[in-house]
Amino acid sequence: MILAVTFIASLLLVAAAKPMDRRAMVVHESRGEPARGFVNSGVAPAAKDLTLRIALKPNNIAGLETALYAVSDPASALYGQHLTADEVAEFVKPTDETVSAVSDWLSENGISSAPITPAGDMLQIVVPVSKANELLATDFSIFTHVDTGATSIRTLEYSIPASLQAHIDFFHPTTSFTRPLARPKFTAVKKVSPVPDVAPVSNAVPASCATTVTPACLQAIYGIPTTAATQSSNKLGVSGFIEQFANQADLKQFLTSLRTDISSATTFTLQTLDGGVNTQTRADAGIEANLDTQYTIGIATGVPITFISVGENNADSVDGFMDIITTLIKEATGTRPNVLTTSYGFDESDLSRAVATTLCNSYMQLGALGTSILFSSGDGGVSGSQSQTCTTFIPTLPSDCPFVTSVGATGGITETAASFSSGGFSNYFAIPSYQATDVATYLTTLGTTNSGKFNRTGRAFPDVSAQGENFEIAWDDEFGTVDGTSCSSPTFAAIIALLNDKLVAAGKAPLGFLNPFLYSATGRAALNDITTGDNPGCSTNGFPATVGWDPVTGLGTPNFARLQTAVGL
Ligand SMILES: *[C@@H]1O[C@H](CO)[C@@H](O)[C@H](O)[C@H]1NC(C)=O
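Remember, predicted model here, so these are calculated numbers, not experimental data. (Residues numbered from 1 in each chain as written. Predicted model: local features only at pLDDT ≥ 70, side-chain atom pairs only at ≥ 80, totals over all residues. Heavy atoms only, no water.)

S.K.: An account of the layout of surface pockets is requested, with residue identities and associated values reported.
M.R.: If you add up the space inside the largest pocket, you get close to 610 Å³. Lining the largest pocket we find 25 residues, and of these Thr 151, Ser 152, Arg 154, Thr 178 and Ser 317 sit closest to its centre. Those elements that place two or more of their residues in the lining of the largest pocket are strand E3 (49-56) and strand E7 (151-154). Counting residues per element, the lining of the largest pocket draws most heavily on E7, which supplies four residues. When grouped by side-chain class, the residues that make up the lining of the largest pocket number 11 nonpolar, eight polar and six charged. Split by domain, the residues of the lining of the largest pocket number at least three in each of domain 1 (18-58 + 93-172) and domain 2 (207-566). The space that makes up the second largest pocket amounts to roughly 500 Å³. Contributing to the lining of the second largest pocket are 32 residues, with Thr 117, Pro 118, Asp 121, Thr 326 and Gln 365 lying nearest its centre. Where the lining of the second largest pocket is concerned, the elements lending two or more residues are E3, helix H3 (85-92), helix H9 (321-330) and helix H10 (353-368). (1 Å grid on protein atoms, 1.4 Å probe; cavity = no way out; pocket = protein on both sides within 12 Å on 5 of 7 lines; lining within 4 Å. Points joined across faces, edges and corners; volume = space filled by probe spheres on them. Helix = DSSP H or I, 4+ residues; strand = E, 2+ residues; numbered from the N terminus. Nonpolar A, V, L, I, M, F, W, Y, C, P; charged D, E, K, R; others polar. Domains from an automatic or database assignment.)

Listed below in structure tokens is the structure:
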């Protein structure tokens, strides 16, 4: 209310002074056409309020990147000396000059703004469409997502004053599109009765693991201990989006059948933001949320699990992906999870390069604080987050951000790449040095295969992989199996959480941003190289898995005992 009154009053002053005349406008972001699957269905109503976020240029993001690698590279003297939130904010906050240049321009236009991040690098304003059109010399339209009928207000191009280009990264939402978030691929949940929980004998993997994967299978295949973790400060966060609810009764049923050695009352702590809830009506249980909670709790024995339910009431226009990170950055060490696993993602081209970069930089911040960030790589092979028609390969976000660990999928007792395992090369992010040699070797082996269909200089993903087929879950009072890299990310995250438990117990730092360690000689030696299979899509066979890193299974799957040695335990 107060905002509206201020706005009308200052608009009159603005009209008298005509400050817009002083500003030369330049196109700041544009795209030729809406994201795949969206159509323009008309002019946005002038009076409709838009909540817009303004990303201000951080004062020293390159400095933060240097600091992140210094604390994440085992070869560095600063390894494990993660930053404090204040130290991170010093790099990320905009300069005073940036803040005043942007706020002067906004107040000339009668607009008040408020920072919404701890570092003050993101502002939020609420203005009617007519005002936004005038401010950004654009015409906001309504875009409809054809498959679902969902609508959003976006534009294909907007301008800002030339004098502010050095201060503003982007206005959002403008040229980025978010389709209704899909769950990664699942086979229909089959009605199967649970496989009996046979404790694995030494290294023997039960034959049933070839067709149905349970916690006991993963413990046997990767050598994961069943003994309980001891450190209450060492939390593992599980992201929940799109009203995917993690059901407690299903979890109890899962543990009763498949982890008979631990209390069936073992559960997660619920954290919510953006109006998130975790409805317990059994029929409303989410396959994704159940999978993610059952397999983190079922494998990371004794590690405190936080299910973070991000509601639909988010103004970040990337489905709450930015809001969850802003929330976690604000938390105290010991409350903030040491590992975060997320089994959702976008096709890279849906988001503008600027928005994708700021989202990726938010993972740089959280990583510098000491959190390992894992994402499922996607389930469409080289065709993106989901199977779809395409002529060039579609990389997935946030998996292709250099500051996260992307997890692809394998299957079988003798592991081979899962054909749906997304992987490839970013068009937005350049290749980070930690993987440059591996990727160069792979590209030499690949030769001219798929030439012209992917970007040879982009950040390559996934980094690692884990089992992702035939995971048995309890869902809506039944047992069934699911497939997807959604199985793989929680599995790998659970293993990292168990390693962190031992590190914290030994008075050491948690692992934090994993990739410099994983790609080191010690890290890669602790992984099982997967050398068979491929990830078809876009009418090709996709990429072949090979000896060494490949864009289907990354460096390979975990071996707990070797990882434990590799991290110095
Ligand atoms: C290829 O990736 C690089 C980042 O390494 C990027 O700068 C370039 O624009 C990309 N090319 C295309 C055609 O997207």
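S.K.: Lay out the nonpolar core in plain terms, naming residues and giving numbers.
M.R.: Counting residues in each nonpolar core, the largest one holds 146 residues, and the members touching the most others are Phe 171, Phe 321 and Tyr 363. The element contributing the most residues to this core is helix H12 (residues 485-505), with 10 residues. Setting aside its immediate chain neighbours within four residues, Tyr 363 contacts Phe 321, Ile 325, Ile 373, Phe 375, Pro 398, Cys 401, Phe 403 and Val 404. (Core = buried A, V, L, I, M, F, W, Y, C linked by side-chain atoms within 4.5 Å. Buried < 20%, exposed > 50% of the residue type's maximum accessible area, 1.4 Å probe, protein only. Contact = heavy atoms within 4.5 Å.)

S.K.: Residues and numbers for the packing of H9 against H10, please.
M.R.: Two elements in contact, H9 and H10, have axes whose closest approach is 10 Å; the angle formed by their N-to-C orientations is 25 degrees. In terms of axis orientation, H9 runs roughly parallel to H10. Crossing angle aside, the handedness with which H9 passes H10 is left-handed. Taking contact as the criterion, the partners of Phe 321, Met 322, Ile 325, Leu 328 and Ile 329 in H9 are, on H10, Val 355, Thr 358, Leu 359, Ser 362, Tyr 363, Gln 365 and Leu 366. Residues of the contact of H9 with H10, tallied by class, amount to nine nonpolar, three polar and no charged. (Axes fitted to C-alpha atoms, helices over the stretch in contact; angles between N-to-C directions. Parallel < 35°, antiparallel > 145°, perpendicular 65-115°, else oblique. Left-handed = near helix turned anticlockwise from the far one by under 90°.)

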